[in-house]
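Architecture and fold: a report
What follows is each chain in one-letter form.
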Amino acid sequence: MQTYYDTGCLIFKKRDKYFVLDTTNNNIYFGENYSIEEIIKEREDIEGVRTEYASPNLNTLKSLILCVSSKCNLACKYCYVNGNYDDYTGSIMKKECFEKIIETFFSGKYEIKDIHFFGGEPLINWDYIKYFIESLKEKCIAQNIPIPSFSLTTNGTLIDENIAREIKKYKIEVAISIDGPKHMNDKYRIDRYGAGSFERVYNAINIMNNLKIDFGIESTMPIDYLCINNKWNDYFEFHKNIKSKYSAIFLESINNKELIKYENLNDSIINFANYYVDYFFKEILFCEKSPGFFYIVNSILKIISNNSNGVCGAGATQIFIKSNGDVYPCQLFYSNPTYNQGKFYDHNNNEKNIIFYFNNIYKKSHSCASCKLYKYCGAKCPGNNFNSTGNPSIVGSVSCKFEKAVFNRIIYNLFDYIEDDSKFEIFNELMQQQCNKCRL
């Protein structure tokens, strides 16, 4: 497949067919025997590539991520917090903090729609989570305000049948972390004694499935494993057959300074990205019982709609509250005190002090602003950038290469569907099913 670029246009050629993304007018062109000049003539009002983020509204705080426990019973080797989460000697969010959250954010000033329970391992503090949900629902009903949705990310090791039934009772959307088959998961997701977590997590998955409780899977691909392995079928078959609602598979966020120790990293990233995308198109898209592949589905949506999903709301539409009440833009900044905005209840009368605004990110000076794929890229996450490069506005090398490889492979596969109207109609129907699974 050949790729061309003209002001505001991405042009792909495969055999004698062209696929064109107009990045300024949000149009898509497809056809045979086009010359590049003919394609450009069809466009109007070329203004060049958009080179800045849209600034979020500072008065639209919608989501709270609550670190209800800084304790964790695992010690995953790649954890981005780098040891800043504590073991069982760490802190949990106490009753008083939960009550202050209800008082501060559910008294009419805000319209909080989503609350996500995070850790450490949040289920260590399960009793207080239940107390919080019950107290919040009671206040929302009394004040006739909408009850927010609840979600939770867990390593799964503490889920038993009782907790699973309570999860179902409180209608909590759950994401369980597991990194593939046992031999892979247990190399990285270990406890503080070095024991693997696979059997405990898989037991939780079986409990959830037996009780017919929907859940998602979050999986991290460690960079060192990526570089020593080139056979991915077992890995993706595991995700296909796990009976989750969706699987969200991401590469490990790694500091650019550490890349020198990995041989053939570029080739490994491209090989994995190609297999990931090809597997989706060949195996997942047509399998009704398979999980949604969240990352690939989201990437395809941005391409076929020819529109970015915007920027993340870290520090603007969402904030992260640590177990002691400290506010951060999101959980990915938890390990750096520079981004600590103090206790949320100290700013009760000053909304703009609660909401931390990334002035240095939402600017034309963003390091990727002139990239041809900027509009469609998912690697602009400030938190991942910070953990990779030390700067929220500079994208890490691994994320950049992976995003480009996935984008190009999606385009390569899309040619087989967009060249025929009937095929594209079927493709859209299948994509809608995937979107429903991924809640997109």
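In what follows, the structure referred to is the one given above.
The text that follows walks through the structure, step by step, so that each part is easy to find. All values reported here derive from a predicted model rather than from experimental measurement. (Residues numbered from 1 in each chain as written. Predicted model: local features only at pLDDT ≥ 70, side-chain atom pairs only at ≥ 80, totals over all residues. Heavy atoms only, no water.)

Looking only at helices and strands, the protein has 14 helices and 13 strands in total. Per-residue burial over the protein gives 52% buried out of 440 residues. Of the contacts made within the protein by residues no fewer than 6 positions apart, 70% connect residues no fewer than 24 positions apart. When the accessible surface of the protein is split by element, carbon and sulfur atoms take 45% of a total near 20,100 Å². (Helix = DSSP H or I, 4+ residues; strand = E, 2+ residues; numbered from the N terminus. Buried < 20%, exposed > 50% of the residue type's maximum accessible area, 1.4 Å probe, protein only. Contact = heavy atoms within 4.5 Å. Areas by Shrake-Rupley, 256 points an atom, 1.4 Å probe, with all protein chains shown as cover.)

If you look at the biggest cluster of nonpolar residues, it comprises 52 residues, and the most contacted ones within it are Phe272 and Phe280. Of all the secondary-structure elements, those providing two or more residues to this core are helix H5 (182-188), helix H7 (223-228), helix H8 (233-241), strand S10 (246-251), helix H9 (265-284), helix H10 (294-304), helix H13 (397-418) and helix H14 (421-438). In this structure, Val174, Ile178, Phe238 and Ile321 belong to the second largest nonpolar core, which totals 49 residues. (Core = buried A, V, L, I, M, F, W, Y, C linked by side-chain atoms within 4.5 Å.)

Tallying each qualifying case throughout the model produces 46 aromatic pairs. Between Phe117 and Phe150, the ring centres sit 6.1 Å apart and the planes meet at 5°, which makes this aromatic pair stacked. Here Phe117, found in strand S6 (residues 114-119), pairs with Phe150, found in strand S7 (residues 149-154); they are 33 residues apart in sequence, far enough to count as distant. Judged by its relative accessible area of 0%, Phe117 is buried. Here Phe150 falls in the buried class, since its relative accessible area comes to 3%. Geometrically, the ring pair formed by Phe280 and Phe293 is tilted, given 6.5 Å between the ring centres and 35° between the ring planes. Of this pair, Phe280 sits in helix H9 while Phe293 is found in strand S11 (residues 292-293), placing the two residues 13 residues apart along the sequence. Note on accessibility: Phe280 and Phe293 belong to one class, buried. Lying over the aromatic face of Tyr345, Lys100 brings its terminal NZ or CZ to 4.0 Å of the ring centre. Across from the ring centre of Tyr412, 4.6 Å away, lies the NZ or CZ of Arg409, which sits over that ring. (Phe/Tyr/Trp six-rings, centres within 6.5 Å; stacked < 30°, edge-to-face > 60°. Lys NZ or Arg CZ within 6 Å of the ring centre and 35° of its normal.)

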